[in-house]
Amino acid sequence: MPARPGSDYLARLNSRHPEIHVDGEVVTSRVAEHPAFAPVARAYARLADLSHDPAHREEVTFAGDAGEAEPIAHLVPRSADDLARRRRGMQVWAGESAGFLGRTGDYLSSALAAFAGSSAFFARAGDAYAERVAAYAERVRTDDLVLSHTLLPPQVNRAVPAVRQGDGALAARVVEERADGIVVRGARMLATSAPVADELLVLPSTVLRNAPEDAAYSFAFAIPTDAPGLRLHCRTPLHRGGPAFDEPLAARFDEMDAVAVFDDVFVPAERVFVLGRPDLCNALYTETGAGALMTHQVVTRTLVKTEFFLGLASSMAEAIGIQGFPHIQQQLAELITYVEIERAMLRAAEVDGEANEFGVFLPRWATLNAARNWYPTHVSPRLTEIIRTLGASGLMATPSAADFPADAHGDLEQYLQSATLGARERTALFRLAADAAVSGFAGRQSLYEYFFFGDPVRMASALVGSYDFTEARARVRGILDSSE
């Protein structure tokens, strides 16, 4: 089955009967038409339509086993050229939202591509597990399903392991193993875009200690988002209902976040990929290459997002005539530097990649690991800070679309014009800047990017722990030896 058009995705979403709680309402049908989910569902549908757009079809698809066009993120890379091909397709997808959509289908499809190419990893628990993950990856690819995932235990008491919170009764865990599957009870956070996804992947995240009590919390499985017993509890929507002029990002790209509650959810055996093996859970992302391919997608997306902020900053500077000021040029130069470093890191990771033991060609992990440590703490906060600095009070002098036709005195056109733009055009630009840098939508984006891969302190420790210092130390030894 070829990549499906957006209309098929929306129809499938509307045919599901999940249990979604949002703002005091329980949504159980026609999800794609609900105001809280319709905008992002339409955005995902537009991405699906790119596979049928002659202008982009070659970039965003590849020929599957049956010769039909399938989404490029499902391509199992066997060479650096394959990685570059995947990146080009993912850049097209990211460009549709300027990188503000963080859970588009190519993210978890990248994980499944790694799982499919490294299915022998799962066979360490038995051949049946390898067969299951391969079959599931093929189904997602051929049916062109949209996935969400959930990773973390509830944020109740971080001073103790998840298995000890609430006497072990809070985090999602296996409470029954049967010949035909497992029963799961508890909760996981944070399932971004789960309300508009076809399936929910429940994957390992926190490192397990490989103790007997960890076995019930050691699993990887997939369920439909309308599986009986699954409840999704959403945060308040960030789109306030205004038109795209007023909320240019929130009106289109508010990916809903949800806590997933498993109320004795039955998971059929064929959907269980890891069970009772903390050692496999801890090694899953590294040894299959899923972590590398997912990070490759993320760095591709964040490059697009950084390019957007560079374009936004330069447009603002030109609009109000500050592009010639040295301190403004310094900030624009900083943004240019971020763009070019991210671009270079992506290309270096691809060119210096290697095949893993299963033959999946992976981007160089040390380079991507540096990129995923650098962007959340150094780049992302500066993007919005620079926009706030350039816009200053101008970010608040932004009347709504409804104010312009109601301005009988012409005040707005006279006093809100800029050096190069009329009042309405200048307002549209600065409302976009406000939605990107100071709105509730912007705040959620900042939090999302900062913790995308987890606690930055732990990420830094993981980078140091996994980095090969041999060559760097050899340079020091060489100087010391030559001085004796």
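Description of the structure in this document. (Residues numbered from 1 in each chain as written. Predicted model: local features only at pLDDT ≥ 70, side-chain atom pairs only at ≥ 80, totals over all residues. Heavy atoms only, no water.)

### Some points on helix α9 (residues 290–319)
Selection rule: Helix and strand definitions follow DSSP, with helices as H or I runs of at least four residues and strands as E runs of at least two, each counted in order from the N terminus. By definition here, a helix of n residues has an expected span of 1.5 Å times n minus one.
Taking 1.5 Å of rise per residue, 30 residues should cover 44 Å, and α9 covers 43 Å from first to last C-alpha, within 8% of that figure. Looking at the residues trailing α9, positive phi occurs at Gly321, about 70 degrees.

### Comments concerning the sheet that holds strand β2 (residues 25–27)
What counts here: Should DSSP find at least two bridges between two strands, the strands are regarded as paired. Angles run from 0 to 180 degrees between N-to-C directions of axes, and those axes are lines fitted to C-alpha atoms, restricted for helices to the stretch in contact.
One open sheet accounts for six strands, arranged β2-β1-β10-β11-β7-β6; its pairing is mixed. At either end of the open sheet lies a strand with only one pairing partner, and these are β2 and β6 (173–178). Mean inter-strand twist for the sheet, computed between neighbouring axes without regard to direction, equals 15 degrees. Across five bridges, the pairing between strand β10 (residues 230–234) and strand β11 (residues 258–268) is antiparallel.

### Notes on the sheet that holds strand β12 (residues 272–275)
To be explicit about the condition: Whether two residues are in contact is decided by their heavy atoms: any pair within 4.5 Å suffices.
Read across the sheet, four strands follow the order β5-β8-β9-β12 without closing on themselves; strand pairing throughout is mixed. Two strands in the sheet have a free side with no partner beyond their single neighbour: β5 (147–150) and β12. Across the sheet, the axes of successive neighbouring strands diverge by a mean angle of 25 degrees, strand direction being ignored. The sheet contact formed by β5 and strand β8 (residues 199–202) spans four bridges and is parallel. Opposite Leu147, over in β8, you have Glu199 as the bridge partner. Where helix α5 (residues 105–117) meets the sheet, its contacts fall on β5 and β8, and the angle it forms with β5 comes to roughly 80 degrees. Against the sheet, helix α6 (residues 127–143) contacts β5, β8, β9 (219–224) and β12, and its axis sits at roughly 140 degrees relative to β12.

### What to know about α5
What counts, and what does not: The buried label goes to any residue with under 20% of its type's maximum accessible area, the exposed label to any with over 50%, and the partly exposed label to all in between, with areas taken from a 1.4 Å probe on protein chains only.
The end-to-end C-alpha separation of α5 is 18 Å, in line with the 18 Å expected for 13 residues at 1.5 Å each. The buried fraction of α5 is high, at 12 of 13 residues. Turning to α5, its buried residues are Gly105, Asp106, Tyr107, Leu108, Ser109, Ser110, Ala111, Leu112, Ala113, Ala114, Phe115 and Gly117. Tucked inside the fold, the buried residues of α5 contact α4 (80–95), α6, β5, β8, α8 (278–288) and α9.

### Describing the nonpolar core
Worth spelling out the cut-off: In these notes, a set of buried Ala, Val, Leu, Ile, Met, Phe, Trp, Tyr and Cys residues joined through side-chain atoms within 4.5 Å is what counts as a nonpolar core.
Formed by 127 residues in total, the largest nonpolar core has its most connected members in Phe37, Phe122, Phe221 and Phe262. Looking at this core, the element that brings in the most residues is α9, giving 15 residues. Residues Phe245, Ala401, Leu412 and Leu416 belong to the second largest nonpolar core, which totals six residues.

### Considering the packing of α9 against helix α14 (residues 440–450)
Stated formally: Here a crossing is called left-handed whenever its near helix is offset anticlockwise from the far helix by less than a right angle, and right-handed whenever the offset is clockwise. Amino acids outside the nonpolar list (Ala, Val, Leu, Ile, Met, Phe, Trp, Tyr, Cys, Pro) and the charged list (Asp, Glu, Lys, Arg) are all regarded as polar, and Gly is one of them.
The interhelical angle for the contact between α9 and α14, taken along N-to-C directions, is 140 degrees, at an axis separation of 13 Å. As for the relative orientation of α9 and α14, their crossing is left-handed in sense. Here α9 contributes Arg301, Thr302 and Lys305 to the contact with α14, which in turn contributes Gln445, Tyr448 and Glu449. Residue composition of the contact of α9 with α14, grouped by class: one nonpolar, two polar and three charged.

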